[in-house]
Amino acid sequence: MTGWRLDLGDLGLDRGAHLLLRRALAPLPPGARLAVHGRAPALALHLGAWCRAEGHRTESPESGLPTPPVAVVVRGDRDDSRWLGAVRAGAGTPGSVVAHPPARWGLAPRGALIEAGGPEPHFDLDDRDLLWADVAPRLYAYAAARQWDPATAVPWHDPIEVPAEVEAAVVQVMTYLVENEQAALIVPARFLGRIHPHFREVIQLLAVQVADEARHMEIFNRRALLRGTELGTSSAGGRASLFALVQESDFSLASFLLSVLGEGSFVNLLSFIERYAPDPITRKVAWLAMQDERRHVLFGVAHLAQQATVEPRLRDRLRGAVERRYDALRDTAGLNADVFDALVVLAAGGWDSDQIALGHDRVRQLERDMDDGRRRRLERLGFPADEAETLSALHTRNFM
Ligand SMILES: [Fe+2]
Ligand SMILES: [Fe+2]
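Residues numbered from 1 in each chain as written. Chains lettered and ligands numbered in written order. Predicted model: local features only at pLDDT ≥ 70, side-chain atom pairs only at ≥ 80, totals over all residues. Heavy atoms only, no water.

Peer 1: What's the story with the overall build of the chain in this structure? I'm lost.
Peer 2: Across its full length, the chain carries 15 helices and six strands. Relative to the 2.2 N^0.38 estimate, which gives 21 Å for 400 residues, the radius of gyration of the chain is 31 Å and therefore markedly larger than a compact globule would have. Taken along its principal axes, the extent of the C-alpha atoms in the chain is 115 × 50 × 30 Å. Within the chain, residue pairs in contact and separated by at least 24 positions form 78% of the contacts whose partners lie at least 6 positions apart. If you sum the accessible surface of the chain, you get close to 19,100 Å²; carbon and sulfur atoms cover 53% of it. Charge separation in the chain, taken as the distance between the mean sites of 46 positive and 53 negative side-chain charges, equals 7 Å. (Helix = DSSP H or I, 4+ residues; strand = E, 2+ residues; numbered from the N terminus. Rg over C-alpha atoms; globule rule 2.2 N^0.38 Å. Contact = heavy atoms within 4.5 Å. Areas by Shrake-Rupley, 256 points an atom, 1.4 Å probe, with all protein chains shown as cover. Lys, Arg positive; Asp, Glu negative; His and termini not counted. Charge placed at Lys NZ, Arg CZ, Asp CG, Glu CD.)

Peer 1: Can you walk me through the coordination of the iron ion (ligand 1) in this structure?
Peer 2: The expected angle between donors at a tetrahedral four-coordinate metal is 109.5 degrees. At an octahedral six-coordinate metal it is 90 or 180 degrees. Coordination of the iron ion (ligand 1) by the protein comes from Glu 181 (OE), Glu 181 (OE), Glu 213 (OE), His 216 (ND1) and Glu 293 (OE), over a distance range of 1.9 to 2.8 Å. Ordering the donors of the iron ion (ligand 1) by residue number gives the pattern E-x31-E-x2-H-x76-E. Separating the iron ion (ligand 1) from the iron ion (ligand 2) is a gap of 3.5 Å, bridged by Glu 213, which donates to each. A residue pair is termed long-range when its members are at least 10 positions apart, and Glu 181 in helix 7 (residues 164-192) and Glu 213 in helix 8 (residues 200-224) qualify at 32 residues. As far as the burial class goes, Glu 181 and Glu 213 line up, both buried. (Donors = N, O, S within 2.8 Å, 3.2 Å for Na, K, Ca; no water. Buried < 20%, exposed > 50% of the residue type's maximum accessible area, 1.4 Å probe, protein only.)

Peer 1: Explain the layout of surface pockets here, please?
Peer 2: Any empty space left between the atoms is revealed when a probe the size of a water molecule rolls over them. As a volume, the largest pocket reaches approximately 300 Å³. Forming the walls of the largest pocket are 17 residues, and the residues nearest its centre are Arg 364, Glu 367, Thr 396, Arg 397 and Phe 399. Among the secondary structure elements, those contributing two or more residues to the lining of the largest pocket are helix 13 (337-348), helix 14 (353-380) and helix 15 (385-394). Among the elements that make up the lining of the largest pocket, the one with the highest residue count is helix 14 (five residues). A volume near 220 Å³ is recorded for the second largest pocket. Lining the second largest pocket, in full, are Gly 264, Val 267, Asn 268, Arg 294, Val 297, Leu 298, Val 301, Gly 373, Arg 376, Arg 377 and Arg 380. Secondary-structure elements contributing two or more residues to the lining of the second largest pocket are helix 10 (251-276), helix 11 (280-310) and helix 14. When grouped by side-chain class, the residues that make up the lining of the second largest pocket number four nonpolar, three polar and four charged. (1 Å grid on protein atoms, 1.4 Å probe; cavity = no way out; pocket = protein on both sides within 12 Å on 5 of 7 lines; lining within 4 Å. Points joined across faces, edges and corners; volume = space filled by probe spheres on them. Nonpolar A, V, L, I, M, F, W, Y, C, P; charged D, E, K, R; others polar.)

Peer 1: How should the coordination of the iron ion (ligand 2) be read in this particular structure?
Peer 2: In this structure, Glu 213 (OE), Glu 263 (OE), Glu 293 (OE), Glu 293 (OE) and His 296 (ND1) serve as the protein donors to the iron ion (ligand 2), at separations of 1.9 to 2.7 Å. Along the chain, the residues donating to the iron ion (ligand 2) fall in the pattern E-x49-E-x29-E-x2-H.

Peer 1: Mind showing me how you'd approach the sheet that holds strand 4 (residues 71-74) here?
Peer 2: Whether parallel or antiparallel, the strands of a sheet pair through hydrogen bonds between backbone atoms. Pairing within the open sheet is mixed, and its four strands lie in the order 1-2-4-3. What marks the edges here is a single partner per strand, and that holds for strand 1 (5-7) and strand 3 (57-59). For this sheet, the mean inter-axis angle between neighbouring strands, taken without regard to orientation, is 30°. Those strands touched by helix 2 (residues 43-54) are strand 2 (33-37), strand 3 and strand 4, and its axis lies near 145° from that of strand 3. (Pairing = 2+ DSSP bridges. Axes fitted to C-alpha atoms, helices over the stretch in contact; angles between N-to-C directions.)

Peer 1: Would you explain the pairing of strand 2 in this entry?
Peer 2: Regular strands place side chains that alternate from one sheet face to the opposite one. With four of five residues buried, strand 2 is to be regarded as a mostly interior element. Pairing analysis gives three bridges linking strand 1 to strand 2, with the strands arranged parallel. Bridge pairing in strand 2 links Asp 7 to His 37. Note: strand 2 against strand 4, four bridges, orientation antiparallel. Within strand 4, the position partnered with Leu 34 by the bridge is Val 73.

Peer 1: What is the right way to look at empty space enclosed by the protein in this model?
Peer 2: Enumeration according to the criterion identifies four cavities of 30 Å³ or more in this entry. Estimates place the volume of the largest cavity at around 100 Å³. In terms of lining, the largest cavity is formed by 14 residues, of which the most central are Leu 206, Phe 251, Ser 255, Leu 258 and Ser 259. Only helix 7, helix 8, helix 10 and helix 11 provide two or more residues apiece to the lining of the largest cavity. In terms of residue count, the dominant contributor to the lining of the largest cavity is helix 10 (five residues). The class makeup of the residues in the lining of the largest cavity is eight nonpolar, six polar and no charged.

Peer 1: Would you explain the packing of helix 10 against helix 14 in this entry?
Peer 2: For any two helices packed against each other, the geometry is given by the interaxial angle and the distance between the axes. Put simply, helix 10 and helix 14 touch, their axes get as near as 9 Å, and they point 145° apart. You can see that helix 10 and helix 14 cross each other, and the crossing is right-handed. Contacts from Phe 256, Val 260, Leu 261, Gly 264, Ser 265, Asn 268, Leu 269, Phe 272 and Tyr 276 of helix 10 reach helix 14 at Arg 362, Val 363, Leu 366, Asp 369, Met 370, Arg 374, Arg 377 and Leu 378. Residues of the contact of helix 10 with helix 14, tallied by class, amount to 10 nonpolar, three polar and four charged. (Left-handed = near helix turned anticlockwise from the far one by under 90°.)

Structure below.
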C-alpha cells in the first residue's frame, strides 16, 4: 500500500465529495492507489458507483489496519482518454483569430478545450478575411463605453418655441430618419446569426450597432411626436432604395452599401441637422446619432480595407453592387421630395426669398459634402480618384 490518502470527513458524494476525489486523483498516475477515509453514510457503496462511472476501480482495504479506509480507489486512465481527441478552439486572445474556424468549434468559446463529438452548427460567415478587422475589439470596447440613455441624454423637457411650419419640417426629417434607421438596424441584425462565434468581437460590435440603431429610432420618433401626433410622409422611392439595401445578402456588399456609402452620407446629414436645428432637442438627437454613426462607418471601412488587401477582386464586386443598385433604382425618385424641402426650410431659417435661396444652397452644399466624404472613403478602399467619383455619383439619392 502506497502513502496516498484522502480523508473526506463527513462529506458524502451527495454533497460534493467527488470534487475532493477528483482533485486527489488528478496528479496520480494510472494504477496508483488512494486510500479514502470518511464517515458519510453508505460512502463505500456510493464510492463504488462513482468509481465505475469515472473509470476507476475500488479495492477492499487490507485487513488488520488500526484505522482502515472505507475503500482504496485505483486510479483508471479514462479521464485522460476522454480528452485524447480534444482540440483547442484557437487561442483566447483577440489578436489570434484563425482564418477558417471549423464548424465543430461552433458554439464553444474561442480558446476553450473542446471535447470530441457534439454538434457541428453551420455558420456560413466563417472567413476571417471577410469579417475581421484588427480594430474590432477596441471599437467594441469603445462602443460599449459610449452607450447613452435616450431618456436622459436628450433635454426632452427644455422649452421649445418653433413656428408651426418649421416644426412640420422637423417632423418630416425625423420621419425620414426613423425609416432609414429601421433599415440600418435590419441589415446588421440579419447577418449576426450567420457569423461564426469565433469572431466574437465582430458579433459584439454588430450587436451594439443594432442597439445603437434601436435608440436612434426611438429618439427620432420621440422628437417627431414631441408636439403633435402624426408623422410625416414616407415615399415609395425612399422605401425602394432601402429595400434594395436590406435585400443584399452578401456581407461585404451590404456592409459597403450601408456603412461606407449610406451611414457615411448620414454622418454629413446629421451634422447638417445639428447645425441648422431650430431647437436644442433636435440638435441633441442629431448629435447623439452622429457619434454612433461615425463608429459604424469606421468598422465598415476598416474591415473592407483589410479584405481588399487579400481579395484582389473585391473592388470589382463592390463596384458591381453600386451599379446594380443604381440600375434597380433608376426609375425611382430617390430622396423623398418632402424631405429635401424640409431640409431647405431648416437651413433657410425664415421665409424671405433670400433665406430660402440660402437654405437651398446649403442643402446643395450638403450633397457636395456627402459626395466628398464618399469619394474619400472609396479611395481608402483603393479605388482610383476618377472611379471613386463615378461610384459616388451612382450612390442612391436617398442618401442611405
Ligand atoms: Fe443610426
Ligand atoms: Fe448606423
